[in-house]
Amino acid sequence: MTGRFFHRIDAALGRILPEQRLFLRSDTETRFVRLSPLAQAVGLTGGVAMLGWAMVATALLLMDGVGAASLRDLAQREQALYETWLDEVSTARDIHAEEVRAARDRFNVAMAEVSRMQSELLASEERRRELETGIELLQGTLRKTIAERDAARGRAEVLAAKLDDATPRPVEGGPNADDLQATLAFLSDALEHSAAERELVEADASAAYQLAEALAFERELTQERNDRIFTSLEEALTVSVAPLDTMFRSAGLSVDTLIDQVRAGYNGTGGPLTPVSFSSKGDATPTAEELRAESLLARMDEINLYRIAAEKLPFAQPLRSAYRFTSPFGMRKHPILGTYKMHDGMDMAAGYGTPIHATADGVVVKAGWVSGYGRLIKIRHEFGIETRYAHLAKIRVTEGQRVSRGDRIGDMGNSGRSTGTHLHYEVRVDGKPVNPMTYIKAARNVF
């Protein structure tokens, strides 16, 4: 049955592919191999299949090669763009840091000038008060001398009238002419002496008034200088507060809430209460300059609160040496399994043993081995924020230790589930991971 089936196929194929014979000749004999139509069809089909497979395989290899080259070129371009962006960010950060340092220097110079001007103002007020006291004494003496002069003139006029009305005959029991002449000479001398004293007192009073006018002019100049100093200080404070306020808002934080929390934690006061007043008349009502100075002190206190809040939040970078940014925060593809998984931090690669620094003030709550993280350091900060530093080669802090921003806490390594030496850095707010670059970018214009 099977033989007849193949014979029919062979006969049908014989119309298209006639039987062929392949002769093999040697020195003694000649042989041939008969190629039936079925065998020829099988051979042709196999050859066509092999040729088709070779063409498809070659096309797939070419497509894979082109795709891989395109991906490599794309990755290189993205890496070049990212490195260029990092250079620009670093340059901008350095420029803003220099501006902040210059503003801080101007602020310190202005504060020193304010202190000097306040000292001069107090000394000027003291001199003015002494002059006012001296002028009052001189005025009292002058009024007393004028009164005595007027009284002496009155007595002299009375005596002169009596002398004119007197007769040349001496009156028994009354004054004679010699006594009257002596009295008149005495009164004249007294009047001349009083006039001299009055002129001296008037000269002293005129000099005192001139000195008071000079002191008043000096005080006006001092007030004008103080006004310029206050204006410079107010501008410097405004320039200093604006970057800090922008930094907090860029990080998605409520500035008012942060400042209130810092103020609540740093609110100790004490000591005697003494009113501040420069008045020489005992008036406790604050002047315009005092109110302006109190406003500046309040702004300075606000800057201090900003500074405390900034030190307690992770705005600094954990690495101070050169590094390569290898993996961002967010979903990323597993290099072997090909599945996507959430990456709760950012990876920064550098040399083995590179120093790791705390990004804010806080307390170490974990310093040891954790599965997947390897050697891990957890630091709890204020406002419900926590930072994590993983895959370390060495831990340099202990649990419960309080650290400050910039303190060296460990060395970069390759411990735990890691493909190479790098730092895995996380920021968590109330236990939820957030993008650390949000804080780093927010602080690039300040630190």
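Caption draft 1: Expanded view of the overall build of the chain. Secondary structure summary: the chain contains six helices and 14 strands in total. Carbon and sulfur atoms provide 57% of the accessible area of the chain, an area that totals close to 28900 Å².

Caption draft 2: Region of interest: the packing of aromatic side chains. Under the counting rule described, the total for this entry stands at two aromatic pairs. Ring centres 5.7 Å apart and planes at 55° place the aromatic pair F315 and Y439 in the tilted group. Of this pair, F315 sits in the loop between α5 (288–311) and β3 (324–327) while Y439 sits in helix α6 (residues 436–442), placing them 124 residues apart in sequence. Here F315 and Y439 have matching classes, each one buried.

Caption draft 3: Spotlight on unusual backbone geometry. Positive phi, normally seen in glycine, also occurs at F383, with a value near 65°. Turning to its location among the elements, F383 is positioned in the loop between β9 (374–380) and β10 (385–395). Even without glycine at this site, D430 takes up a positive phi of about 55°. Take D430: it is sitting in the loop between β13 (423–429) and β14 (432–434).

Caption draft 4: Geometry of the nonpolar core. Residues I356, I377, I379, Y389, I409 and L423 are the most contacted members of the largest nonpolar core, which totals 26 residues. Of all the secondary-structure elements, those providing two or more residues to this core are β6 (346–349), β9, β10, β12 (408–412), β13 and α6. Element by element, the count of residues in this core is highest for α6, at four residues. Setting aside anything within four residues of it in sequence, one finds L423 in contact with P318, L319, M346, D347, M348, I356, Y389, A390, L392 and M412. If you look at the next biggest cluster of nonpolar residues, it comprises six residues, including I259, L305, I308 and A309.

Caption draft 5: Structural detail: the side chain of D347. On the secondary structure map, D347 appears in strand β6. The exposure class of D347 is buried, given its relative accessible area of 6%. Within the structure, the side chain of D347 is placed 3.4 Å from the side chain of H343, a separation counted as a polar contact. Among residues more than four places away in sequence, those in contact with D347 are R324, F325, T326, S327, R332, H422, L423 and H424.

Caption draft 6: Structural detail: the pattern of salt bridges. Within this structure, the stated rule accounts for five salt bridges. The closest approach of N and O atoms between R428 and D344, which form a salt bridge, is 3.5 Å. Remark: D344 occurs in the loop between β5 (340–343) and β6 and R428 occurs in strand β13; sequence separation between them is 84 residues. Take R428: its relative accessible area is 11%, and that puts it in the buried class. For D344, a relative accessible area of 22% puts it in the partly exposed group. Put simply, D344, E426 and R428 are held in one network by salt bridges that share partners.

Caption draft 7: View of a nonpolar patch on the surface. On the surface, a cluster of nonpolar side chains totalling about 230 Å² of accessible area is made up of L24, V33 and L35. By the secondary structure assignment, L24 is in strand β1 (residues 20–25).

Caption draft 8: Region of the structure containing the side chain of R428. Among the polar contacts listed, one links the side chain of R428 to the side chain of E426, at a separation of 2.9 Å. Excluding anything up to four places from it in sequence, R428 contacts D344, Y373, G384, I385, E386, R388 and P433.

Caption draft 9: Looking closely at the pairing of strand β8 (residues 362–370). Examined bridge by bridge, β8 and strand β11 (residues 402–403) share two bridges and lie antiparallel to one another. Bridge pairing in β11 links V363 to R402. Of the strand pairs in this sheet, β8 and β9 are connected by seven bridges, and their pairing is antiparallel. What sits directly across from A367, in β9, is I377.

Caption draft 10: Looking closely at the confidence of the model for the chain. Within the chain, residue pLDDT values average 76, and 73% of them lie at 70 or more. In the model, residues 167–174 has pLDDT below 50 throughout and makes zero contacts with residues more than four positions away in sequence or in other chains.

About the criteria used
Going along each chain's sequence as written, the residues are numbered from 1 onward. Selection of residues for local features in this predicted model requires a pLDDT of at least 70, selection of side-chain atom pairs for listing and counting requires 80 or more, and totals for whole chains, interfaces and linings are taken over all residues. Neither water nor hydrogens contribute to the side-chain values; these are computed over all heavy atoms in the structure. In this text, helices come from DSSP runs of H or I with a minimum length of four residues, and strands from runs of E with a minimum of two, each type numbered from the N-terminal end. Using the Shrake-Rupley algorithm and a 1.4 Å probe, accessible areas are obtained, with residue cover drawn only from the displayed protein chains. Between the rings of Phe, Tyr and Trp (Trp by its six-membered ring), a pair exists once the centres lie within 6.5 Å; its type follows the angle of the planes, with under 30 degrees stacked, over 60 edge-to-face, and the other angles tilted. Here's how the labels work: a residue is buried when its accessible area is under 20% of the maximum for its type, exposed when over 50%, partly exposed in between, all with a 1.4 Å probe on protein chains only. Within this scheme, the nonpolar core is defined by two criteria: the residues are buried Ala, Val, Leu, Ile, Met, Phe, Trp, Tyr or Cys, and they are joined through side-chain atoms within 4.5 Å. For this analysis, residues touch if any pair of their heavy atoms sits within 4.5 Å. Here a polar contact is taken to be a pair of N or O atoms separated by no more than 3.5 Å, where protein atoms must pair a possible hydrogen donor with a possible acceptor and residues adjacent in sequence count only if both atoms sit in side chains. Salt bridge criterion: a side-chain nitrogen from Lys or Arg within 4 Å of a carboxyl oxygen from Asp or Glu. Like charges are joined within 9 Å and nonpolar side chains (Val, Leu, Ile, Met, Phe, Trp, Tyr) within 5 Å, but only among residues with over 30% relative accessible area and no salt bridge; these make up the patches. Any two strands between which DSSP finds at least two bridges are classified as paired. Here pLDDT means the predictor's own confidence in every residue, given as a number from 0 to 100.

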